[in-house]
Structure formats: structure tokens, C-alpha cells
Amino acid sequence: MSDTARLEQDIQATRARLEGTINELAYRAQPQVIAQRQAQGLRLKLDAATHTPDGELRIERIAAIVAAAVAAVVVIGFLRRRR
């Protein structure tokens, strides 16, 4: 195999790798794919925050979140009544 033929093969292989990389980047940059990754990340964070590594619920954390949500609703209710 001549040097020219080997260079042409190398160029074709490099083009194929670059095409694959560009296609992957274009896929990852799509808004719906970004949104899916964000949603999946949030689900994983929520699961880690509300479950132990064994998979059991962390009742104290869930109770704190519920209490904070109830407090926020009460405060918003009071603020709306004052107007």
C-alpha cells in the first residue's frame, strides 16, 4: 500500500469519526434532549434527597418539605387577604 493510499484511508477514517462526533453534538444540543437530561437529573436528585441508599423513604426530610410548602401557602394566603 502506497503512502498516498494510506493517507487517503486515514483522511476517510478521520472524516467518519468527525461526522459521528458532529452528529452526537447536534443530537445533544436539541432542546428536547436537554430538557430530558435536566428532568432526569432532577428526578435523581429528588430520589437521593428522599430515599436512603437502601431505598427506604427519609420521612424526616419529606415532612420538612411538606411543612415548608404548607407554610408558604399560608403566608401567601395571608398576604393576599391583606390587599
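Since the structure is predicted, the reported quantities are computational estimates derived from the model, not experimental observations.

Peer 1: Report on the overall build of the protein chain, specifying residues and quantitative values.
Peer 2: A tally of regular secondary structure across the protein chain gives three helices and zero strands. Starting at the N terminus and walking to the C terminus, you meet the elements of the protein chain as α-α-α. Here the C-alpha radius of gyration of the protein chain, 27 Å, is well above what a compact globule of 83 residues would show, namely 12 Å. Each principal axis of the C-alpha distribution contributes one length, and for the protein chain these read about 85 × 40 × 15 Å. The buried share of the protein chain, reckoned over its 83 residues, is 4%.

Peer 1: How would you explain the domain arrangement of the protein chain if you had to name every residue and give the values?
Peer 2: As assigned here, the protein chain comprises domain 1 (1-50) and domain 2 (55-82). Look at where the C-alpha atoms of domain 1 and domain 2 centre, and you get two points 41 Å apart.

Peer 1: Tell me about the side chain of Arg 58, residues and numbers included.
Peer 2: Secondary-structure assignment places Arg 58 in the loop between helix 2 (31-50) and helix 3 (59-82). What Arg 58 contacts, discounting residues up to four positions off in sequence, is Ala 48, Ala 49, Thr 50, His 51, Thr 52 and Pro 53.

Peer 1: Requested: an account of the UniProt feature "transmembrane region" (unreviewed entry) in the protein chain, with residues and values cited.
Peer 2: In the UniProt entry, the feature "transmembrane region" (unreviewed entry) is given for residues 62-79. Between the first and last C-alpha atoms of residues 62-79 the distance is 26 Å; the span itself is 100% helix and 0% strand.

Peer 1: Describe the side chain of Thr 50, naming the residues involved and giving the relevant values.
Peer 2: Relative to the helices and strands, Thr 50 resides in helix 2. A polar atom in the side chain of Thr 50 sits 2.8 Å from the backbone oxygen of Leu 46. In this view, Thr 50 contacts Glu 56, Leu 57, Arg 58 and Ile 62; residues no more than four positions away in its chain are not counted.

Peer 1: Account for the pattern of salt bridges, naming residues and giving values.
Peer 2: Throughout the structure, instances matching the rule amount to two salt bridges. Its salt-bridge partner being Arg 6, residue Asp 3 comes within 3.2 Å of it at the nearest N-O pair. With Asp 3 and Arg 6 both in helix 1 (residues 3-28), this residue pair falls three residues apart, about one helical turn. Residue Glu 24 is joined to Arg 28 by a salt bridge in which the shortest nitrogen-to-oxygen separation is 2.9 Å. Here Arg 28 and Glu 24 lie together in helix 1, a separation of four residues that amounts to about one turn. Under the relative-accessibility criterion, Glu 24 is labelled partly exposed at 36%. On the accessibility criterion, Arg 28 (47% relative accessible area) is partly exposed.

Definitions and cut-offs
Residues numbered from 1 in each chain as written. Predicted model: local features only at pLDDT ≥ 70, side-chain atom pairs only at ≥ 80, totals over all residues. Heavy atoms only, no water. Helix = DSSP H or I, 4+ residues; strand = E, 2+ residues; numbered from the N terminus. Rg over C-alpha atoms; globule rule 2.2 N^0.38 Å. Buried < 20%, exposed > 50% of the residue type's maximum accessible area, 1.4 Å probe, protein only. Domains from an automatic or database assignment. Contact = heavy atoms within 4.5 Å. UniProt positions renumbered as here; feature names shortened; annotations may be inferred. Polar contact = N/O pair within 3.5 Å; in protein donor to acceptor, adjacent residues only side chain to side chain. Salt bridge = Lys/Arg side-chain N within 4 Å of Asp/Glu carboxyl O.

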